[in-house]
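Here is what each chain is made of, one letter per residue.
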Amino acid sequence: MAKLDLIMFEEEYKLLHEIIGRLQKDASAKVVFLVDKNGQQIAAAGDVKSIDATSLASLTAGNVAATDGLAKLIGEKEFSLLFHEGERDNLHISIVGKRGILVVIFDQNSSLALVRLRVKKASKELQEIFDQVEQRAQKESDSGNRFESPFSEITDEDIDRLFGD
Amino acid sequence: MTFINYASREINCKIVYYGPGLCGKTTNIQWIYEQANPDKKGKLVSLATETDRTLFFDFLPLDMGTVKGFKVRFHLYTVPGQVFYDASRKLILRGCDGIIFVADSQKARMEANIESIANLATNLKENGFDVRNIPYVLQLNKRDMPSAVPVAEMERLLRFRSEPMIEAVASQGTGVIETLKAAARQILMELQKN
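Thresholds applied
Residues numbered from 1 in each chain as written. Chains lettered and ligands numbered in written order. Predicted model: local features only at pLDDT ≥ 70, side-chain atom pairs only at ≥ 80, totals over all residues. Helix = DSSP H or I, 4+ residues; strand = E, 2+ residues; numbered from the N terminus. Rg over C-alpha atoms; globule rule 2.2 N^0.38 Å. Buried ≥ 20, exposed ≤ 12 C-beta atoms within 10 Å, placed from the backbone. Contact = placed C-beta atoms within 7 Å. Expected span 1.5 Å × (residues − 1). Core = buried A, V, L, I, M, F, W, Y, C linked by C-beta atoms within 7 Å.

K.L.:
What's the story with the overall build of chain B in this structure? I'm lost.
P.N.:
Regarding its fold elements, chain B presents five helices and eight strands. The globule rule puts the C-alpha radius of gyration for 194 residues at 16 Å, and the 16 Å found for chain B is close to it. Referenced to the eigenvectors of the C-alpha coordinate spread, the extents of chain B come out at roughly 50 × 35 × 30 Å. The burial tally for chain B puts 48% of its 194 residues in the buried class. A separation of at least 24 residues holds for 69% of the contacts in chain B among residues at least 6 apart in sequence.

Written as structure tokens, this is what we have:
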């Protein structure tokens, strides 16, 4: 594979959850999502049930990817922040490290300035965890000493079962 | 790039349908969407033009069940096939785990198929993948068309790495699930290797 798989363990996941949970409260936001740049949701906090999170993750990643493309066209490395203003709700999208996207949905109970301030702090903390995940993956890959994968014994029958055969 | 979450015990895999314009990529995932159990499928997102041509991508999340105690979820994407959307195609390949190449069996589209495979190889390379070893399935779609090129001839023109080759009529659902299954098998076997 071209890049290392993103493998997240309980402990890191818990930390990520804590950070975005705190961000959601501190920024008075409705929902906060942490999404992978490839369009997969990593974690969420707030009134998550009101939103189709899977589609949100995929469209956010598409949006960020397209904006990245635009940035490169005009000679920028990336646009690290996207803001969409709606009649009621607003979307604040920012890049965290190399592979994360932080999405904050907020209404008139908060403000862009507050969201920006809180996001900045949370991004730094999230970045540290992403770095840890990456370093661990790199170390395991370098030493060739990867942890025991639960998929090492996948059989054809397992795959047939997924398709209901 | 598979996302394995040990905390929620989930594996997410991204499968991209690639191929020339109007070859039936969207038709494939629309059929899967219509057939899938409502509990297992998410919303089908289509970013299309007013004339239903894919503008950016189609997206369908599918919950497949569990393997070794892990919930397996596939994210199916299509790319826009029209030549001038190349920048968008490149973006969608980012972080993919497997490719389904949908070839149009009509004689007049053979050249477009060949060009699209070459384009896929280039765009994969730019995303750090190698078309020769990424999980890959070749689907020969539109087998019901009167001008369909014989399978052996298509194999000679389009098959380059003894990848699974599946005949299909996506509009009727023929071969659609078989194709997805062949891709899933390779992706999960890849996880096993890793």
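K.L.:
When you look at the environment of A:Leu91 in this model, what are you seeing that I'm missing?
P.N.:
Residues and elements named next belong to chain A. With respect to the helices, strands and loops of the structure, Leu-91 is situated in strand E5 (residues 90–96). Taking C-alpha positions, Leu-91 is 9.8 Å from Val-31, a pair spaced 60 residues apart along the chain. Those residues in contact with Leu-91, other than ones at most four positions away along the chain, are His-84, Val-103 and Ile-105.

K.L.:
Whenever I open this one, helix H3 (residues 112–143) of chain A confuses me. Can you help?
P.N.:
The periodicity of an α-helix, 3.6 residues per turn, causes residues three or four places apart in sequence to face the same way. Here H3(A) spans 45 Å end to end across 32 residues, near enough to the 46 Å set by a 1.5 Å rise per residue. Restricting attention to buried positions, one finds in H3(A) the residues A:Val115, A:Arg118, A:Val119, A:Ala122, A:Leu126, A:Phe130 and A:Val133.

K.L.:
Help me understand the nonpolar core, please; the structure alone is not making it clear to me.
P.N.:
Soluble globular proteins tend to pack their nonpolar side chains together in the buried interior. A:Val32, A:Val103, A:Val104, B:Val16 and B:Phe101 are the most contacted members of the largest nonpolar core, which has 93 residues in total. If you tally residues by element for this core, the top one is helix H5 (residues 176–193) of chain B, at eight residues. Not counting chain neighbours up to four residues away, the residues in contact with A:Val32 comprise A:Ile20, A:Leu23, A:Gln24, A:Ala44, A:Ala45, A:Gly46, A:Val103 and A:Val104.

K.L.:
Sorry if this is basic, but what is going on with H5(B) here?
P.N.:
Compared with an ideal rise of 1.5 Å per residue, which puts 18 residues at 26 Å, H5(B) spans 26 Å between its outermost C-alpha atoms and is within 8% of the ideal. Listing the buried residues of H5(B) in full gives B:Val176, B:Thr179, B:Leu180, B:Ala182, B:Ala183, B:Ala184, B:Arg185, B:Gln186, B:Ile187, B:Leu188 and B:Leu191.

Geometric descriptors of this kind do not, in isolation, establish any biological role.
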